[in-house]
Amino acid sequence: MADHAPGNTNSGTDTQKYSLEQVVTTALALQLPVAVWRFPSASGANACISFNSAIHIEQPELENSPFGFFFCPFVVGEQPTLFIKADIVHSSETGLLTFSDDVTQTQKQEFIVALQRSQSIKQNWHLHASETINQQTEAGFKDAVAEAITTINNGYMEKVVLSRTATHPLPAGFNLIAIYSLMLKNYPNGFVSLVSVPEAGTWLGASPEILVSVDTDNVFRTVALAGTQPATQGEPVGNAIWRQKEIEEQGMVERYILSCFKKLRLREYTEVGPRTIVAGNLMHLRTDFSVDLTEVDFPTLGSDMLELLHPTSAVCGLPKEPALHFIKAHEGYNRSYYSGYLGPVNSPDGTHLYVNLRCMQLLKDQAILYAGAGITGESDAEKEWQETQYKMQTMGKILSNF
Ligand SMILES: C=C(O[C@@H]1C=C(C(=O)O)C=C[C@H]1O)C(=O)O
């Protein structure tokens with residue numbers, strides 16, 4: 001590695017170039033919280049690292065937050081909602097590091113010295129101590145689906161999303177950044193993330209679903225994403241045929257978003273869709289909603305919608321309360337950060353929070369894969385099981401092809 005003379009200022013951009021692997025390995029060796037993300041269709045990834053522990057947040061206030069990364073569980077309050085403040089930012093495209101104004105000269109120098117030794121550091125990642133793996137059997141999952149169908153037909157709820165986990169051993173020679181790079185290559189249209197924090201462990205994912213975003217042009221966006229079928233190779237998406245079950249299921253997510261706008265008395269939104277989109281090996285139905293905040297005076301729309309939306313009926317159900325109750329009583333495990341949300345806030349690219357789907361959690365020598373499927377009165381237990389199998393392949397294939 002080239003010699004490096006640390007600059008005289010505390011903050012600002014360092015001129016030395018580093019690889020993503022050097023930066024992440026160093027941050028983890030120093031036991032710091034780190035988040036890495038690559039936006040759909042973007043060419044480079046960004047990483048942010050905090051010099052302190054992740055901050056525990058009650059309810060995110062997007063508008064007043066400094067630049068950082070949010071990591072929120074499925075059930076708010078059951079696990080901490082974490083904020084990784086962007087003390088250091090790295091761009092994989094330029095290789096440059098940027099330090100925030102409140103980083104001290106000592107912190108900066110310590111990090112750079114550690115970076116220069118990173119090649120000899122053994123790669124590590126944060127493990128979450130209290131993890132118990134409780135895998136649902138195929139029969140158990142199908143029983144829960146049957147029970148959900150009965151409960152829906154009895155009028156107690158309209159839809160519930162049931163999920164499960166599976167474990168996969170980490171392949172020989174496993175390397176965190178090599179796996180992440182494989183995800184980048186395989187899922188160019190996904191939000192590809194890596195989060196490693198002491199309080200939550202280490203998570204990797206390729207999400208197809210935005211929860212809330214406010215971009216640099218001040219446009220708010222969210223989507224209604226639901227309905228799943230395998231993507232057929234070479235077949236144009238326009239030829240996709242959707243059953244009534246999927247159309248209704250996606251319609252419920254749409255209605256839910258509209259009810260949130262209504263609660264906020266917001267009428268000036270744009271709605272486009274539903275259209276078929278491809279996410280990895282799957283297709284979904286998606287409706288895009290946007291609000292131009294330069295025309296509509298609603299400065300807290302991002303935070304207000306985030307509070308109302310999460311967890312949406314795409315990952316929980318409709319109505320929310322009975323669906324959540326059913327999930328807690330029948331899934332038989334704690335979703336933790338799966339189907340929560342994650343993403344950068346007030347970054348130079350704006351605020352972009354995605355639903356934590358098509359993800360896995362890394363333990364010492366195995367990964368826990370997570371997937372769910374939306375159950376309605378029209379569901380078939382075998383098909384729903386199959387759907388969770390397909391969804392798990394998003395991460396499963398990455399581990400098998402390593
Ligand atoms: C729950 C998941 O996905 C969600 C559920 C979908 C469905 O039920 O069809 C589709 C997309 C996501 O909103 C998952 O990927 O685990």
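Residues numbered from 1 in each chain as written. Predicted model: local features only at pLDDT ≥ 70, side-chain atom pairs only at ≥ 80, totals over all residues.

1. What about the packing of helix 3 (residues 138–153) against helix 8 (residues 381–400)?
Argument step 1. Where helix 3 contacts helix 8, the axes come no closer than 9 Å and their chain directions differ by 125°. Regarding the angle of helix 3 to helix 8, the classification is oblique. Between helix 3 and helix 8 lies a crossing of right-handed hand. Counted together, Glu 138, Phe 141, Lys 142, Val 145 and Ala 146 of helix 3 and Ala 381, Glu 384 and Trp 385 of helix 8 form the full contact between these two elements.
Argument step 2. Residue composition of the contact of helix 3 with helix 8, by class: five nonpolar, no polar and three charged. (Axes fitted to C-alpha atoms, helices over the stretch in contact; angles between N-to-C directions. Helix = DSSP H or I, 4+ residues; strand = E, 2+ residues; numbered from the N terminus. Parallel < 35°, antiparallel > 145°, perpendicular 65-115°, else oblique. Left-handed = near helix turned anticlockwise from the far one by under 90°. Contact = placed C-beta atoms within 7 Å. Nonpolar A, V, L, I, M, F, W, Y, C, P; charged D, E, K, R; others polar.)

2. Thoughts on the pairing of strand 2 (residues 34–38)
Argument step 1. Among the five residues of strand 2, five are classified as buried, and the element is accordingly described as predominantly covered.
Argument step 2. A two-sided burial pattern is seen for strand 2, the buried positions comprising Val 34, Val 36 and Arg 38 on one face and Ala 35 and Trp 37 on the other.
Argument step 3. Examined bridge by bridge, strand 2 and strand 3 (residues 46–49) share four bridges and lie antiparallel to one another. Bridge pairing in strand 3 places Trp 37 opposite Asn 46.
Argument step 4. Inspection of the sheet shows strand 2 paired to strand 10 (residues 191–197) by five bridges, in the antiparallel sense. For Val 34, the partnering residue across the bridge sits in strand 10 and is Ser 196. (Buried ≥ 20, exposed ≤ 12 C-beta atoms within 10 Å, placed from the backbone. Pairing = 2+ DSSP bridges.)

3. Thoughts on the environment of Asn 52
Argument step 1. Looking at where Asn 52 falls in the secondary structure, it is placed in the loop between strand 3 and strand 4 (55–57).
Argument step 2. Here Asn 52 falls in the exposed class, since 11 other C-beta atoms lie within 10 Å of it.
Argument step 3. Linking Asn 52 and Val 89, residues 37 residues apart in sequence, is a C-alpha distance of 14 Å.

4. Some words on the environment of His 56
Argument step 1. Tracing the backbone shows His 56 in strand 4.
Argument step 2. In this structure, the C-alpha to C-alpha distance between His 56 and Phe 83, residues 27 residues apart in sequence, is 6.4 Å.
Argument step 3. Those residues in contact with His 56 that lie beyond four places of it in its chain are Pro 80, Thr 81 and Leu 82.

5. Focus on the UniProt feature "domain: Chorismate-utilising enzyme C-terminal" (unreviewed entry) in the protein chain
Argument step 1. Using the residue numbers shown here, the UniProt feature "domain: Chorismate-utilising enzyme C-terminal" (unreviewed entry) corresponds to residues 139–391.
Argument step 2. End C-alpha atoms of residues 139–391 are separated by 18 Å, and the span's content is 30% helix alongside 35% strand. (UniProt positions renumbered as here; feature names shortened; annotations may be inferred.)

6. Focus: the site of the ligand
Argument step 1. With respect to spatial proximity, 17 residues lie near the ligand, and among them Thr 228, Ala 314, Leu 357, Gly 372 and Gly 374 are the closest.
Argument step 2. Looking at the shell around the ligand, its residues break down into eight nonpolar, six polar and three charged. (Near = placed C-beta within 6 Å.)

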